[in-house]
Amino acid sequence: MTEILSAPLVVEFPFTRSLGPVQSAFLTGLRERTVLGVRTDDGRVLVPPVEYDPVTANELRSLLRVAPTGTVTTWAWNPAPRRDQPLGTPFAWVLVRLDGADTALLHALDAPGPDAVHTGMRVRIRWAATRTGAITDIACFEPYDGEPGTTEPVPHGGEFTDSVTGITVPARLDYVHTPGRAQSAYLKALEDHRTVGERCPACRKVYVPPRGACPTCGIATAEQVEVGPRGTVTTFCIVNIKAKNLDIDVPYVYAHIALDGADLALHGRIAGIPYDQVRMGLRVEPVWAEGARHPDHYRPTGEPDAGYDTYKELV
Amino acid sequence: MRDVAIVAFAQSPHRRRTDELSEVDLLMPVLHQVLETTGLKANEIGFTCSGSADYLAGRAFSFTMALDGVGAHPPISESHVEMDGAWALYEAWVKIMTGEADTALVYAYGKSSPGQVRDVLTRQLDPYYLAPLWPDSLALAALQAQALLDAGHADRAALTAIATRSRTDAAANPYAQLTGDVPAGGLLVHPLRTGDCPPIGDGAAAVILAAGDTARALCARPAWIRGIDHRIEAHALGVRDLTDSPSTRLAARHAGAFERPVDTAELHAPFTSQEVILRTALDLGDDVRVNPSGGALAANPIMAAGLIRLGEAAARIHRGASVRALAHATSGPCLQQNLVAVLEGESAHG
Ligand SMILES: [Zn+2]
């Protein structure tokens, strides 16, 4: 039984979106402590606003200003806030119908406990100290006992100086990735600078890196086979554009390499030979950098080139 | 119109985590089982369609890895939906109805264990107004549950009874993840308690569809798809009446669910409160056997749980335990998207 490897895997990216006219007006409005809705064909006021009528699909552009006060239409007490949620202390999720609106906005409600929250309760917006034109410009809602705001929405042109036309929302998800049995064995072998594939019990092909199944037969591969270390370039390309964060001078050669004994080519960089002298059939071997988990690159072995017939099935 | 049936169904045991298995490892036994049940070889399948989600795996194009398990070389006719496998089944059904194929393999899988599923599912929300707030899947379901309680459509006892019935029924389902007594359970997100919420787990499922005489040749009692339809509601939660599911009702009407009573309903209701909403939307009487498999409260492999509802309903027809069954699948927050299929055994047809 192979030891099962696992490693943290973080997927993180800035989610950049452009805004249409309605979303731009709404989010810019939040920056200016103004909440805008949009009127639908049947006269309802949608907050938050959308660009197309959810019933008729007609374009909606008639913006109105609604009050920063409203009524909770449903709620849920969140005893353990998660990363990036609006409040770090226990809070209620709420759908709030702002005064003047016919639909509800989802946000957080700052309240001391679930007993202090009920459907129908009156709340108002607590604005964030720093506002950028995002839904998080509303820091949260808070209980509100004062006079109801105006319930009659006021037409608004949706025009602001320096309108927000796009948003960048960071997204991060954390995983613990486990590659499964076949790839775990492959990665473990690489620690000893060995390359292992797996042989299909039916068609006898050796796959490297092994993924645990034969894509031709659709059955599990199991028999481990050591392949390489030498191999043959089956095809290649010359890279002329320098990739961001990659410390390799261009041009360089990126190749498919069929390791000896493998029935599938893997890919790697070819170095130790001028880029314009790399060719199909070139015999190569891996070069390991200190402490690396994968070969840094492959270099020529000096052997005569392999004949085309010996690798044509792998091109 | 062609007659199309589900002729085989298989699922994996559903477990909290399967660290030793890659997605293809998880899937292969299930694929082999449906092929063996029908005697079909992989290269005899006319169309293959799958459902899964990259965000569960945290890797782009993760479904291409799982494709190794179906024998995709030499090239096959294949498609994928970034959604529950029930929607992959719909695509396969269309493929067969249009005469493009006579048989189809549909599979779905999800490993929720590598990530935090509550966070992962926030990434399917509207990116402007919702996703930046990270409202997790339990929070959104809890908002819906509270709305239901406020409306008087259910009380705490009714929700607990649903959890208890599901866990009790799951005891007869060897693949279920949770069986037995419902824990008193603390509040996860009020008003949802542990027992109101689905388990998080890893699992896979597969079905084979076939048309007409091919189906009859492959299965003693095919589960004929008499109707299938899916509908979607407004994305914004605040626009919807969360206590109702008009999209389910509309899909059911188009699928012919109201033409004659059904005896069984497999409902994809990951939360107890959602079963109440679906029963009402589908007008199911107390005489309808709901989720005899234990349902999603007993095993909820994300992206496969909806396909499993279709498979479980079909399996009951295959073994003669049902004459006319309804299967439902959902996707998105608070029952946003809903698919309904009506399945019948041969006797009901004749
Ligand atoms: Zn093979």
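Thresholds applied
Residues numbered from 1 in each chain as written. Chains lettered and ligands numbered in written order. Predicted model: local features only at pLDDT ≥ 70, side-chain atom pairs only at ≥ 80, totals over all residues. Heavy atoms only, no water. Salt bridge = Lys/Arg side-chain N within 4 Å of Asp/Glu carboxyl O. Contact = heavy atoms within 4.5 Å. Buried area = accessible area lost by both parts, 1.4 Å probe. Polar contact = N/O pair within 3.5 Å; in protein donor to acceptor, adjacent residues only side chain to side chain. Helix = DSSP H or I, 4+ residues; strand = E, 2+ residues; numbered from the N terminus. Nonpolar A, V, L, I, M, F, W, Y, C, P; charged D, E, K, R; others polar. Axes fitted to C-alpha atoms, helices over the stretch in contact; angles between N-to-C directions. Parallel < 35°, antiparallel > 145°, perpendicular 65-115°, else oblique. Core = buried A, V, L, I, M, F, W, Y, C linked by side-chain atoms within 4.5 Å. Buried < 20%, exposed > 50% of the residue type's maximum accessible area, 1.4 Å probe, protein only. Pairing = 2+ DSSP bridges. Donors = N, O, S within 2.8 Å, 3.2 Å for Na, K, Ca; no water. Tetrahedral: all angles 85-135°; square planar, octahedral: opposite > 155°, others 65-115°.

The next point concerns the pattern of salt bridges. Enumeration according to the criterion identifies 47 salt bridges over all chains in this entry. The salt bridge partner of Asp-19 of chain B is Arg-17 of chain B, with a shortest N-O separation of 3.3 Å. Through salt bridges with shared partners, a single network forms among Arg-230, Asp-260, Arg-283, Glu-285, Arg-299 and Glu-303 of chain A.

Further remarks concern the interface of chain A and chain B. If you look at the interface, chain A gives 61 residues, while chain B gives 52 residues. With both chains or domains summed, chain A and chain B bury close to 4700 Å², and 62% of this area falls on carbon and sulfur atoms. Broken down residue by residue, the surface that chain A buries against chain B is led by Arg-82, Tyr-175 and Arg-211 of chain A, which jointly contribute 14%. Linking chain A with chain B are two salt bridges, by the criterion used here. In this structure, Asp-68 of chain B engages Arg-211 of chain A in a salt bridge whose closest nitrogen and oxygen atoms are separated by 2.7 Å. On the surface where chain A and chain B come into contact, there are 18 residue pairs in polar contact (both at pLDDT 80 or more). When residues of the side of chain A that touches chain B are assigned to their parent elements, the largest contribution, ten residues, is made by strand 11 (residues 166-177) of chain A. When its residues are assigned to classes, the side of chain A that touches chain B shows 37 nonpolar, 15 polar and nine charged.

All right, on to the packing of helix 4 (residues 85-97) of chain B against helix 11 (residues 305-318) of chain B then. Residues and elements named next belong to chain B. The geometry of helix 4 relative to helix 11 is characterised by a closest axis approach of 6 Å and an angle of 60° between their N-to-C directions. When the interaxial angle is binned, helix 4 and helix 11 end up oblique. Facing helix 4, whose interface residues are Gly-85, Ala-86 and Leu-89, helix 11 presents Gly-306, Leu-307 and Leu-310. Considering only residue class, the contact of helix 4 with helix 11 consists of four nonpolar, two polar and no charged.

Another point: the nonpolar core. Note on soluble globular proteins: their nonpolar side chains tend to be buried together. Formed by 59 residues in total, the largest nonpolar core has its most connected members in Phe-26, Val-35, Leu-109 and Phe-141 of chain A. The residues contacting Phe-26 of chain A, other than those within four sequence positions of it, are Thr-34, Val-35, Leu-36, Val-47, Pro-48, Pro-49, Leu-105 and Ile-135 of chain A together with Tyr-129 of chain B. Counting 41 residues, the second-largest nonpolar core is a separate cluster that includes Val-4, Trp-87, Ala-304 and Leu-339 of chain B.

On to the sheet that holds strand 3 (residues 45-46) of chain A. All names here are of chain A. With antiparallel pairing, the four strands of this open sheet are ordered in space as 3-2-4-10. The open sheet is flanked by strand 3 and strand 10 (154-155), the only strands paired with a single partner. Taken together, the two bridges between strand 2 (residues 35-39) and strand 3 define a ladder with antiparallel strand orientation. Residue Val-38 lies in a different strand from strand 3, and its bridge partner there is Leu-46. Packing against the sheet, helix 1 (residues 21-31) makes contact with strand 2 and strand 4 (63-66), and its axis sits at approximately 155° to strand 2.

Below, the discussion takes up the coordination of the zinc ion. Residue and element names in this part refer to chain A. Distances from the zinc ion to its protein donors, Cys-200 (SG), Cys-203 (SG), Cys-214 (SG) and Cys-217 (SG), fall at 2.3 Å. Geometry at the zinc ion is tetrahedral, judged from the four donor atoms that bind it and their angles of 108 to 113° at the metal. Coordination of the zinc ion draws on donor residues from a single chain, spaced C-x2-C-x10-C-x2-C in sequence. Taken together, the residues span a long stretch of sequence, with Cys-200 in the loop between strand 12 (195-199) and strand 13 (206-207) and Cys-217 in the loop between strand 14 (213-214) and strand 15 (219-220) at a distance of 17 residues. On the basis of relative accessible area, Cys-200 is assigned to the buried category, the value being 0%. Classification of Cys-217 by relative accessible area gives partly exposed; the value is 25%.

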